[in-house]
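Notes for the structure review
As a plain string of letters, each chain reads:
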Amino acid sequence: MNVAVVMPYYNQKDLLVRAVMGVLGQTYPYWTLFLVDDGSAAENRASRVLPRNTTKRVKIIEKSNGGCSSARNVALKEIRDIKYFSYVAYCDADDIWDEDHLSSQISMLRGDADMVYANARFEFTNGDPAFPYGVSNPEEFPGWEVLLQGDFIWGSTVVQKVKCLQVGDFDSSLDAIENWDMWIRVAKAGFNIRKNQKVSMTYTVKTEGNLSAKGGPVLYEQLRNKHREG
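Anyway, here's the lowdown on the structure attached to this text. (Residues numbered from 1 in each chain as written. Predicted model: local features only at pLDDT ≥ 70, side-chain atom pairs only at ≥ 80, totals over all residues. Heavy atoms only, no water.)

1. Quick notes on the overall build of the protein chain
Across its full length, the protein chain carries seven helices and eight strands. Against the globule reference of 17 Å for 230 residues, the protein chain gives a C-alpha radius of gyration of 17 Å, in line with a compact fold. Along the longest, intermediate and shortest principal axes, the C-alpha atoms of the protein chain span 45 × 40 × 30 Å. Taken over 230 residues, the protein chain has a buried fraction of 51%. When contacts within the protein chain are restricted to residue pairs at least 6 apart in sequence, long-range pairs at least 24 apart make up 79% of them. Positive and negative charge centroids in the protein chain, built from 27 and 29 side chains respectively, lie 6 Å apart. (Helix = DSSP H or I, 4+ residues; strand = E, 2+ residues; numbered from the N terminus. Rg over C-alpha atoms; globule rule 2.2 N^0.38 Å. Buried < 20%, exposed > 50% of the residue type's maximum accessible area, 1.4 Å probe, protein only. Contact = heavy atoms within 4.5 Å. Lys, Arg positive; Asp, Glu negative; His and termini not counted. Charge placed at Lys NZ, Arg CZ, Asp CG, Glu CD.)

So this is what it looks like as C-alpha cells:
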C-alpha cells in the first residue's frame, strides 16, 4: 500500500533537513514525499538545501507563497490526479517522525480505521523538552462534537485513507487552524477516526508559549460558526 506524504515548507532550512531525514528513515518502504516549497527565498529553497541523495524519494513542488493550506492543497491535487496512493500522511517541515511512525499507523488503517492519529513528544529547537498545556488529550477519539471544542490531534501524526479526501481541501481562510477544520470535516463525514496510543513523532516548539493554543479566539469562533452552520 503506497503512502503519499505531504510536507509544506517555507524557509526554515535547518529544520527541513531533520524532517526529511525522518521520512527517509521510515521502516515502512512504500512512500513518496510531496515536498511543497511555498515560495522560500532562493538560498533556502528545498531543491538547494536537501542532500542530492535524498531527492530520488522526494518530489519537490515549487510555488509562490500562499500559506500552509495552499501548499498542502497543491500536493493533494497531484495525489488525487495520480490515483496511485492508498494513504495520505502529513508531516510539517519542522517535525520529526520516529522510524516506525508509518508502519505503526498503517497497521491500524489495515483494520477498520479510515484515519489514525497518535501521541507526540514535544521539544524546543535546542532539544530541551517542552510540555503542551491547555490542550486536552482523550484516550480515544470522542467524536467531532468534542473535537470542535478544542484541537487535540497533532497534524504530523495523521495518516488517513485517500478516500478521506472526499471532504475537500484545507480551508485557507482559517490560517493557523486549517488542520483542525479538516479533521472535524473527516469525522462529520462519518469516517472512522482512531487514536494510536504510541508516541510516534517529535513536535518542534519554536517559541515558548506556542503550545498554549492552536490559533486564537477570532479563528476559533470562525471555525465553530462554520460547523454550526454546516
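Picking up where we left off.
2. Looking at the nonpolar core
Across soluble globular proteins, nonpolar side chains have a tendency to be buried as a group. Counting 37 residues, the largest nonpolar core has Y90, I153 and W183 as its most contacted members. Counting only elements with at least two residues in this core, the list comes to β1 (3-9), β2 (31-38), α3 (68-82), β4 (87-90), β6 (115-124), α6 (178-188) and α7 (217-229). When residues in this core are grouped by element, the largest group, six residues, is from α6. Not counting residues within four places of it along the chain, the set of residues in contact with Y90 comprises V6, R72, L76, W97, G155, S156, T157, V158, Q160, L165, F170 and W183. (Core = buried A, V, L, I, M, F, W, Y, C linked by side-chain atoms within 4.5 Å.)

3. A closer look at the sheet that holds β2
With respect to topology, eight strands assemble into an open sheet ordered β3-β2-β1-β4-β7-β6-β8-β5, the strand pairing being mixed. The two strands at the open ends of the sheet, each matched to only one other strand, are β3 (58-63) and β5 (96-97). One ladder, built from nine bridges, connects β6 with strand β8 (residues 193-205); its direction is parallel. For F122, the partnering residue across the bridge sits in β8 and is Y203. The sheet strands contacting helix α4 (residues 101-109) are β1, β2, β4, β5, β6, β7 (159-161) and β8, and the helix crosses β8 at an angle near 160 degrees. Across the face of the sheet, α6 comes into contact with β4, β6, β7 and β8 while running at roughly 175 degrees to β8. (Pairing = 2+ DSSP bridges. Axes fitted to C-alpha atoms, helices over the stretch in contact; angles between N-to-C directions.)

4. A closer look at the pattern of salt bridges
On inspection of all chains with the given rule, the structure shows 14 salt bridges. Across the pair K77 and D81 runs a salt bridge, and its minimum N-O distance is 2.9 Å. Taken together, the residues K77 and D81, both in helix α3 and four residues apart, mark about one turn of the helix. The same class applies to K77 and to D81, which are both exposed. For R80, the salt bridge is made with D169, and the minimal N-O distance between the two is 2.8 Å. Here the residue R80 occupies a position in helix α3, and D169 occupies one in the loop between β7 and α6, the gap between them amounting to 89 residues. Overlapping salt bridges, with partners in common, bring together D171, D181, R185 and K226 in one network. (Salt bridge = Lys/Arg side-chain N within 4 Å of Asp/Glu carboxyl O.)

5. Looking at the side chain of H101
Within the secondary structure layout, H101 lies in helix α4. Taking relative accessible area as the criterion, H101 reaches 0% and is therefore assigned buried. Setting aside chain neighbours within four positions, we find H101 in contact with Q26, S156, T157, V159 and S200.

6. Focus: the pairing of β8
Inspection of the sheet shows β5 paired to β8 by two bridges, in the antiparallel sense. Bridged to I96 within β8 is T202.

7. Some thoughts on helix α1 (residues 13-24)
Its 12 residues place the ends of α1 16 Å apart at the C-alpha level, agreeing with the 16 Å of an ideal helix rising 1.5 Å per residue. Along α1, the residues classified as buried are L15, L16, A19, V20, G22 and V23. Along the long axis of α1, the arc covered by the buried residues comes to 155 degrees, so they all point the same way. Residues of α1 that are buried make contact with β1, β2, α2 (46-49), β3 and β5. (Expected span 1.5 Å × (residues − 1). Arc of directions from axis to C-beta.)

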